[in-house]
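Examining the three-dimensional arrangement
For reference, the chains in residue letters:
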Amino acid sequence: QSLIDAAKNMVNNPTDPQIANSLRSRGGALSQSMNKVIPAARSAGSGIQECDQAAAAVMKEATKLSISAIVSIEDKNFPQCAQALGQMARAISAALVQLSQLAKATNRENLGMAANSIASNMPRLVTTANAASALAPTTQARSNIIDNAKKVTEIVAKSLIQAKIANTPQGATGFDSLIEISKTTVNTLLEALDTATPAQQDLTESIKLISQSIINLNQSEKAIDVGPATRTRNLKEINTSTKVFADSLGKIITCARTNPEKVGPLVVSAAQAISNILQFVQVFNEEVSNENEPTDPNYVKLRSIAKRVAEGSVPATETMNALREIALASQEVMNTFKTLAQTESDPNVQKLMLTCCTNIGTARAKLAQASRDPAQFKTAVADLDQKAVELARSRVSPSAANAVAIVEQRKQLVAVAKEVGEVSTNLVDVVKQLVANPKDRNILTLFATSSKTLGETLKNLLTAAKQVTPGQKECSETIEGIQNVVDDMGSASINVTVGLIDALLETPTLKTFQQCQEEMAAIANQLANSTSLVGAVSSDEVGQIVTTIKSQIIQLAQVAKELATTTTDINLQQETINSVKNVAEATQSLIIAVKNASAEPEEIKLQDELAKAQEEMQKVISTLVQAHSLTTVVVRECEESISTINNILSQFSSTVVLPNPTTITKTYQQAQEELNQITKQIATALATLVSVARTRPDEIGSVSKQIISGLPLLLDSLKTAAVTQPTIQNRLFTSTAQLSTSLRNIIDCSKQIATDPKNSKLQSSLFLQFKEVSEAITSLIAAFREGATGYRACDSAFEDINQVVQELGSISLFAASGQLNIVIPPGVTLDTCQTEVDKNITQLTSATVKLTQSAATNNQNELGINATNIASLNNKLSESVKLAVALLPDVFAQQDILSRSKTVAIVSQQLILASKDRQANPNNAEAIDTLNRTNQLFVEQKQGLIDSLQQASAEVLRGLRELEKSKQSILAAINSKDSKAGATAEDVVIALRSVATSAATLVSGASCQKIDEIVQASQDATFSIVNLFTAARGAAQSVPDKLRQDLTQSISATANSTINLFESVKTLRQEDLQSQKKVAENQSIVADKVSDVLNFARQLPGGAGLELEENDLEKLAEKELLSAAAAIESAAKRMLPKSDVIESLKGEIGGAILEGALQITDATKRLVQAATAVQRELVAQGRASKNVNPYKKDPAWAQGLISAAKAVAATTEDLIIAASEAAKKNVGEEVVIAAARTIAGATARLVAASRAKADPNSASQRRLTEAAKAVAEATAGLANATKAAQEKEEEEKAGTQSSAAYAASRIKELEQRAQIVKLEMMLEKERKKLGQINKEEYSSSVNKQATNAPAAVTTSAGARNLRPAKK
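Here the residue numbering is sequential within each chain, running from 1 through the sequence in written order. Only residues with pLDDT of at least 70 are given local features in this predicted model, and only at 80 or more are side-chain atom pairs given and counted; all residues enter the totals for whole chains, interfaces and linings. By convention in this description, side-chain values take in all heavy atoms of the structure and omit both hydrogens and water.

1. With respect to the overall build of the chain
Where we set the bar: The way it works is that DSSP assigns letters per residue, a run of H or I at least four long becomes a helix, a run of E at least two long becomes a strand, and they are numbered from the N terminus. With a 1.4 Å probe rolled over the protein chains alone, any residue whose accessible area is under 20% of its type maximum counts as buried; one over 50% counts as exposed, and the rest are partly exposed. Should any heavy atoms of two residues lie within 4.5 Å, those residues are counted as being in contact. We get accessible surface area from the Shrake-Rupley algorithm with a probe of 1.4 Å; when it comes to residues, only the shown protein chains can shield them.
On a plain count of helices and strands, the chain comes out with 45 helices and 0 strands. Taken over 1367 residues, the chain has a buried fraction of 48%. If you take every contact in the chain between residues at least 6 apart in sequence, the share linking residues at least 24 apart comes to 81%. Surface accessibility of the chain: about 64800 Å² in total, with carbon and sulfur atoms responsible for 52%.

2. Focus: the confidence of the model for the chain
Our working rule: Summary of the metric used: pLDDT quantifies the predictor's per-residue confidence within the range 0 to 100.
Summing up the model confidence of the chain, the mean pLDDT is 75 and the portion of residues at 70 or higher is 77%. In this model, residues 1136–1147 is a region of pLDDT below 50 whose contacts with residues beyond four sequence positions or in other chains number 14 contacts. Scored below 50 in pLDDT, residues 1183–1188 shows 1 contact in the model against residues more than four places distant or in partner chains.

3. Quick look at the environment of T204
Mapped onto the secondary structure, T204 falls in helix α8 (residues 200–219). Since its relative accessible area comes to 17%, T204 is described here as buried. Between the C-alpha atoms of T204 and V267, which are 63 residues apart in sequence, the distance is 9.8 Å.

4. So, the packing of helix α28 (residues 830–855) against helix α31 (residues 925–975)
Heads up, the condition is: Throughout, an axis means a line fitted to C-alpha atoms (over the contacting stretch in the case of helices), and angles, computed between N-to-C directions, take values from 0 to 180 degrees. For classification, angles of less than 35 degrees are called roughly parallel, those exceeding 145 degrees roughly antiparallel, those between 65 and 115 degrees roughly perpendicular, and all remaining angles oblique. Following the grouping adopted for this structure description, the nonpolar residues are Ala, Val, Leu, Ile, Met, Phe, Trp, Tyr, Cys and Pro, the charged ones are Asp, Glu, Lys and Arg, and the polar ones are all others, Gly among them.
Taken N-terminus to C-terminus, the directions of α28 and α31 make an angle of 175°; their axes are 11 Å apart at the nearest point. By the criterion of interaxial angle, the relationship of α28 to α31 is roughly antiparallel. Residues L830, D831, Q834, V837, D838, I841, L844, T845, T848, T852 and A855 of α28 touch α31, and the partners they reach there are L931, N935, F938, K942, L945, I946, L949, Q950, S953, V956, L957 and R961. Partitioned by chemical class, the residues of the contact of α28 with α31 number 12 nonpolar, 7 polar and 4 charged.

5. Some points on the pattern of salt bridges
Here is the rule we go by: Note on definitions: salt bridges are taken to be side-chain nitrogens of Lys or Arg within 4 Å of carboxyl oxygens of Asp or Glu.
Summed over all chains, the structure comprises 15 salt bridges. Salt-bridge contacts for K705 lead to E640; the nearest nitrogen and oxygen are separated by 2.7 Å. Residue K705 is located in helix α23 (residues 700–708), and its partner E640 is located in helix α21 (residues 604–652); the two are separated by 65 residues in the primary sequence. The partly exposed category is assigned to K705, whose relative accessible area is 31%. With a relative accessible area of 38%, E640 lands in the partly exposed category. Between K882 and E879 there is a salt bridge, with its nearest N and O atoms 3.0 Å apart. You can see K882 and its partner E879 sitting in helix α29 (residues 860–886), 3 residues apart, about one turn around the helix. When its relative accessible area of 8% is taken as the criterion, K882 is described as buried.

6. With respect to the environment of L911
Structurally, L911 is set in helix α30 (residues 891–920). Sequence separation of L911 and L851 is 60 residues, and the distance between their C-alpha atoms is 8.4 Å.

7. Description of the nonpolar core
Our working definition: Residues enter a nonpolar core if they are buried and are Ala, Val, Leu, Ile, Met, Phe, Trp, Tyr or Cys, with the set joined through side-chain atoms within 4.5 Å.
Counting 99 residues, the largest nonpolar core has L686, I700, I707 and L743 as the members making the most contacts within it. Not counting residues within four places of it along the chain, the set of residues in contact with L686 comprises I707, L743, I746, F770, V773 and I777. I482, L527, V594 and L606 belong to the second largest nonpolar core, which has 48 residues in total.

8. Digging into the packing of α31 against helix α33 (residues 1011–1035)
Relative orientation of the contacting elements α31 and α33 amounts to 5°, with a least axis distance of 9 Å. As summarised for this structure, α31 and α33 are arranged roughly parallel, according to the angle between their axes. Contact residues: E955, V956, R958, G959, E962, L963, S966, S969, I970, A973 and I974 in α31; I1011, D1012, I1014, V1015, S1018, Q1019, T1022, I1025, V1026, F1029 and R1033 in α33. Among the residues making up the contact of α31 with α33, the classes are represented as 11 nonpolar, 6 polar and 5 charged.

9. Here's the deal with helix α17 (residues 472–498)
Using the following cut-off: For a helix, the expected span equals 1.5 Å multiplied by the residue count minus one.
Taking 1.5 Å per residue as the helical rise, α17 with its 27 residues ought to reach 39 Å, and the 39 Å between its terminal C-alpha atoms agrees with that figure. Just beyond α17, the residue with positive phi is G499, at close to 85°.

10. Thoughts on the side chain of T848
When you line up the elements, T848 lands in helix α28. The contacts of T848, once residues within four sequence positions are left out, are I870, L911, N935 and F938.

11. Observations regarding the environment of P297
Take P297: it is sitting in helix α11 (residues 297–311). For P297, a relative accessible area of 57% gives the class exposed. Taking C-alpha positions, P297 is 8.6 Å from A329, a pair spaced 32 residues apart along the chain.

Written as structure tokens, this is what we have:
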């Protein structure tokens, strides 16, 4: 072999010198060995000489056997020595048998070698025998061992001598005799060793006992029918003996590992238990009847080969031949039975036969795969044989097949019992080795393996015994069948999860959801009854009832899958599949408990487990039934509701029977009112139906009952209306039929949703059905309204007035934000507008009286005519009020008048509603009282509008008239020649100061719409100009004509510019920036003209060095501007939420307000900074040339600049507060818009004042312009952003409203309008209060200006207070 290996390496590596040397070396070694073999073979001869030499050697070794021999024991013990000696003795015995065969052969070349082999083993045998003798526990044992060992050596020596002549007939006979004697002698030696070894004798006896029991079982004849009682008793004894054996086995395992010399009694006890088991099993040793066995030759051949393979009588060399024969035979068997299946009349039998054929095909495939492994091949053949038997039985009647199956089970019990005996024998033999070598790892491993194998065999024995017990087979089949159902339900659950609902059934079901539910409930009840009886029946009846339970579970699973396919609700599908799976699992646990309890009926623990399993079974069935019975109730309620609607519809399929008109006690109005109530009830119930269909489908049935509850009364009202208004009968009938049909459809759709809640198509269909019902309700209401012509007119009038209300509301918002823009026709004045308003109010009052009177009658047409007239008059009144407010300069007055006009319109709507209600319910005291209270409210609101307009008009007219009067006085002063004797230049400057101050006061009052200030300022200006003319004429009498002429002309120019200022104030509007700009420009012109007069006055005697203002207005102006900037900065920092919060509020009204407010604040701060830069530029110019210092030149302008700076700071603070409160939802967004508009006005004043004296081309002026534009854009942006956010929020709210709200709003429309009227009236009152507060807020800075004014000016003004007291 080494030479061959070297040659292989040389082939792979031909150039390697080392491998070449190795090849040569191994070739030489082989040659030397062959040279030695040949001489040895030649010298062997016939083996006679070797036999003599071997016999002599054996006899020589025999002399060494002695009870007193000195041996080296080392770490050995007696069991080990005894075991070794026994093994040697057996080896010698086997060698003698081989020697016998060689000695008898013709060719005796190997005889000498065999003799030498025997002789060579004798020294070891002698040494081991002496050692065993030395370690034996008793003297007798020592003596017996040596004696028997000597006998063995003697018989061996004799056998070697006799072997020389064994090839002769006489010698062969003697040699055979010696061989038999040697076997006996060896056995005697072994018995001596067992007797001397602890536990060995018990182990040997145990093996004999078990072996004999197996022999008895094999030799027992076919058992007669001993009856069920004997078999039951024997099964009990088998179980008892098995437990005894199992207990002994556990003790054997422990003892063999820890104290093996004491294991003997335990093994004896176990052997006795095994013997008992085998004895009790004998009554089941039956053969399967071949009465129904097929005679098909291929079937017979298949079973015959399978039997030979099972018995192990097929040699390994013939395995492939056996495989081919089995494969061919099984294929033919399948073909034969498939043909027979086609002719089978019973479809169940046909299906079973085909299934069995498929099983044989599967077994054949496994057989081919296992052909190379003998153990697996044997198992595969047995499986194929079993499948063939099942195929044969598939055509046998159930009773006969069951009888055969029972015999097979009994046969299996006998086979397992035999296997227990055989495995037990093997274990005892291993224990014998373990006793001798307790520390041998190989033996310990073998012992563990044998113990495990025996334990598994015992389990198989108990299982086989249970299968023989009545009902056990059926229980096993039921458990397996239910497991298939559990697996099927698990697979169905997966299919449902992944959306493969169609894979649940091979053929789609035609059943409805309700039918499936009812069938499921019925099967569940049957199952509950069967499972409740399973523990109370006899053992003979167990099989029948568990088979019934299996059938019921299979049916339940099938219905569950059918039910799942009738719905698209995944949750319901999963719930149904999983609930049935839970029932199947609980049933499986119950059958397992039944199987165990019936096998061991006396075990209390098993009986308790059976009772618990039954209790759990009832729970899961109850849960299943309750889950599906509720939906069944819902469906039944829906069907009852549909039936009621169908009965109503049947009345419209033919001529409707109407009541006699003389028997009707209700009016048309009452019938209409009933209709409104019923449709309202239906709409509410429908909204509930839509809601519960999405969230609580179990309530659909009860809601459907609510929907139809009012239909009988609706039908009665319909007939009353049809009799009283024949012209609309057809439309009434059509609308009612349409409503009934749509109600039936939506209830039917809801019924389907109850069985399939998650079906999106059904939900969408429900929404469409809901819209159809809403349209049907609307159509029916419209049909009733068609008969009520007067009421339709009232509704139309209500809608017309509603348009007026909305338009007035919009105009009021424009007025509040300063954006009112109404075109005034030529020739229209405030007086003409007021006259027109008074006229419309008078006519409207008269119309309301007529409306109230018609409400007390039954004349609907008259009521409708009066309502229409009221709507027309409200429209006229609205137009005249809009023109009037357009001519009013006060924003707050505009809002107040518009709000009052809107309130009058709203009350007119409420009056129409109350009149309708009064006419429809003539005897209802509450309706009468409501109409009276509404009339009184109209009178109050009408008078409030008149008073508000008159008051606002009177104030405005007073101011306009005073301005016109002042204008005429100034014109008269220009043309006058009066002079003041003794007047000085100082008198001229004092009067000039008063003119400048009055002009500033006039602009301030006009900006704040304070009529008292306008009147007072115009009077002061006129008085000051008159004084200026007289003082100048008196002081200029002695001056040159040129100076006198220039002074007079400059004063006339000042007077004319003041008149122009008066005219611009007349047309000033807060919402009109152009008019504000015009006022500012005229004020600047006045200041320029005053400066011109001052220059000429300084040329008069004593006039040098006179100034208009004595205070340091430069520093004061700069201080106020810086203070305003600091206040704005501080206010911005105090903005309630930080920037990150604003970011999070985007998209909400609060976020839009805060962000817009911050933008306005930032723009305003930059505007004040720009104004400060302009102011500093002006100061610098004044220092460069005192003659052009604007503060000295125009103190009134300086005071205006200071006042504007303060106003900007104050209004910015107000905006920050308003924005923060609006973000907290404490105030409305309109407050913020109003505050922003106030900032716009204040900044406009500041810009105008800053521009008045500055260089229009300077950089600071450009920055001022940009800052002013930014403020305007930010202000407009705040209003737009707030409006957009509000609209979006309203859209989102509207989007989230359910369809139910839509339907309900249609029904509740008229009732809700009355509530809206009340709320809007409250809103207008609050707006009026807010307007009054804002109207009074601008006074603090004006008071300060009045306080800081020069004494001379105050005196020249007649010591009059220039500003009214404030707050």
